[in-house]
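# Tertiary structure, described
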Amino acid sequence: MKKLTLTAAILFAAISMVKAQANANSEVPGTVDNTTLVGSLGITDMIDLVPEYQVAGNNADTWSEFENGLNFLEAWPNTPVGGNDIEFRISATRHFHASVKGATFTRIGGGDPGLPASSFKWLVYSYSTIPGGAAENGFGTGNGAALSTSAQNFLQGDGCYNKLFITRLSLNPGAAYGHLGGTYQGNIMVTGTLAP
C-alpha cells in the first residue's frame, strides 16, 4: 500500500510539473530565464509661484524721493528688515519663465490721470538659487527695466523646488512730480509659466 501511495504521489507531482511548464512563457530548457516588465509613469506639469508678501509700497515724502525716485518696500507700511527686496519662491517641474506686467497706478478718489506702468522699473536682484537661472530682457542689469502693460519675461530657470529669487520695484526719478497728493494703487502681475 505504501508503494502504491508513493507511486501516486510521484505521478501527481509529475503531472503538476508538466502543467506548470505548459503555462510558462518559454519552454526552452536552460539555467537563466528573463521576462520584460512594462512600466508606466505619469508626470504632471506643475508650477508654483509664492511671494513672501503680496503688498509693497512706499511714500514719496522727501525732495530726494521726488528727485531720485524710490524703491517699493515689501509688506509696506509694516516693512520688515531688508524690505527693499521683494522675494518670491518658485517650484517648477521643468524649464520655466517668469514674467511681469505693470498697470497704471490710479489715485484713490480720482482727479489725477495716474502714473503709467512705464513710470516704474522692475529689477531682478538675485536668482542664484535657481538651477539654470538667468535674468532676461535687461531686467537683471543696472536699475532694471521699465514695466509695460503687456507681460515681459524677466527670469528663466530649470526644474526646481521652492527656490528663491529676489526683485525690486521702484518709481523712476522725477515720476512723482506733477501729481496730486494722495494714495495711488496699481497691480503688478507676476506670472510663472512652464516653457512649451
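Residues numbered from 1 in each chain as written. Predicted model: local features only at pLDDT ≥ 70, side-chain atom pairs only at ≥ 80, totals over all residues. Heavy atoms only, no water.

### Digging into the pairing of strand β6 (residues 96–101)
Looking along a regular strand, one sees side chains alternate from face to face of the sheet. Both β6 and strand β11 (residues 152–157) contribute to a ladder of 5 bridges, which runs antiparallel. Looking at β11, one finds that Ser-99 is bridged to Asn-153. Summarising the sheet, β6 and strand β14 (residues 189–194) pair through 6 bridges and their orientation is antiparallel. Bridge pairing in β14 links Val-100 to Val-190. (Pairing = 2+ DSSP bridges. Helix = DSSP H or I, 4+ residues; strand = E, 2+ residues; numbered from the N terminus.)

### Let's talk about the sheet that holds β14
Here we have 4 strands laid out as an open sheet, ordered β9-β11-β6-β14, and antiparallel in their pairing. Two strands lie at the open edges of the sheet, namely β9 (134–135) and β14, each paired on one side alone.

### Thoughts on the pattern of salt bridges
With the rule as written, the count across this model stands at 2 salt bridges. For Asp-45, the salt bridge goes to Arg-94, with nearest N and O atoms at 3.2 Å. Note that Asp-45 is positioned in the loop between α1 (2–23) and β1 (47–51) and Arg-94 in the loop between β5 (86–92) and β6, a separation of 49 residues in sequence. For Arg-168, the salt bridge is made with Asp-85, and the minimal N-O distance between the two is 3.1 Å. (Salt bridge = Lys/Arg side-chain N within 4 Å of Asp/Glu carboxyl O.)

### Thoughts on the pairing of β11
Across 2 bridges, the pairing between β9 and β11 is antiparallel. Bridge assignment links Ala-135 to a residue of β11, and that residue is Leu-155.

### Some points on the nonpolar core
Nonpolar side chains in soluble globular proteins tend to be buried together. Counting residues in hydrophobic clusters, the biggest one holds 30 residues, and the most contacted among them are Phe-120, Trp-122 and Phe-154. Sorting the residues of this core by element identifies β5, β6, β8 (120–126), β11, β12 (160–171) and β14 as the ones contributing at least two each. Once residues lying within four places of it in the same chain are set aside, the contact partners of Phe-154 are Ala-98, Ser-99, Val-100, Trp-122, Val-124, Ala-134, Ala-135, Glu-136, Phe-139, Phe-165, Thr-167 and Val-190. (Core = buried A, V, L, I, M, F, W, Y, C linked by side-chain atoms within 4.5 Å. Buried < 20%, exposed > 50% of the residue type's maximum accessible area, 1.4 Å probe, protein only. Contact = heavy atoms within 4.5 Å.)

### Thoughts on the confidence of the model for the protein chain
In this model, the protein chain carries a mean pLDDT of 89, and residues with pLDDT of at least 70 account for 87%. Under a pLDDT of 50 for its full length, residues 1–13 has, in the predicted model, 0 contacts with residues more than four places off or in other chains. For residues 18–22, every residue scores under 50 in pLDDT, and the model assigns this stretch 2 contacts once sequence neighbours within four places are set aside. (pLDDT = per-residue confidence, 0-100.)

### Description of the side chain of Ser-91
As for its position among the elements, Ser-91 is in strand β5. A polar atom in the side chain of Ser-91 sits 2.7 Å from the backbone nitrogen of Asn-162. In this structure, Ser-91 is in contact with Met-46, Ile-47, Asp-48, Cys-160, Tyr-161 and Asn-162, ignoring residues within four places of it in sequence. (Polar contact = N/O pair within 3.5 Å; in protein donor to acceptor, adjacent residues only side chain to side chain.)

### Thoughts on the side chain of Glu-74
Residue position: Glu-74 is located in strand β4 (residues 73–74). Comment: no salt bridge for buried Glu-74; closest opposite-charge side chain is Arg-89, at 10 Å. In this view, Glu-74 contacts Glu-52, Tyr-53, Val-55, Ala-56, Thr-79, Pro-80, Gly-83, Asp-85, Ile-86 and Glu-87; residues no more than four positions away in its chain are not counted. (Lys, Arg positive; Asp, Glu negative; His and termini not counted.)

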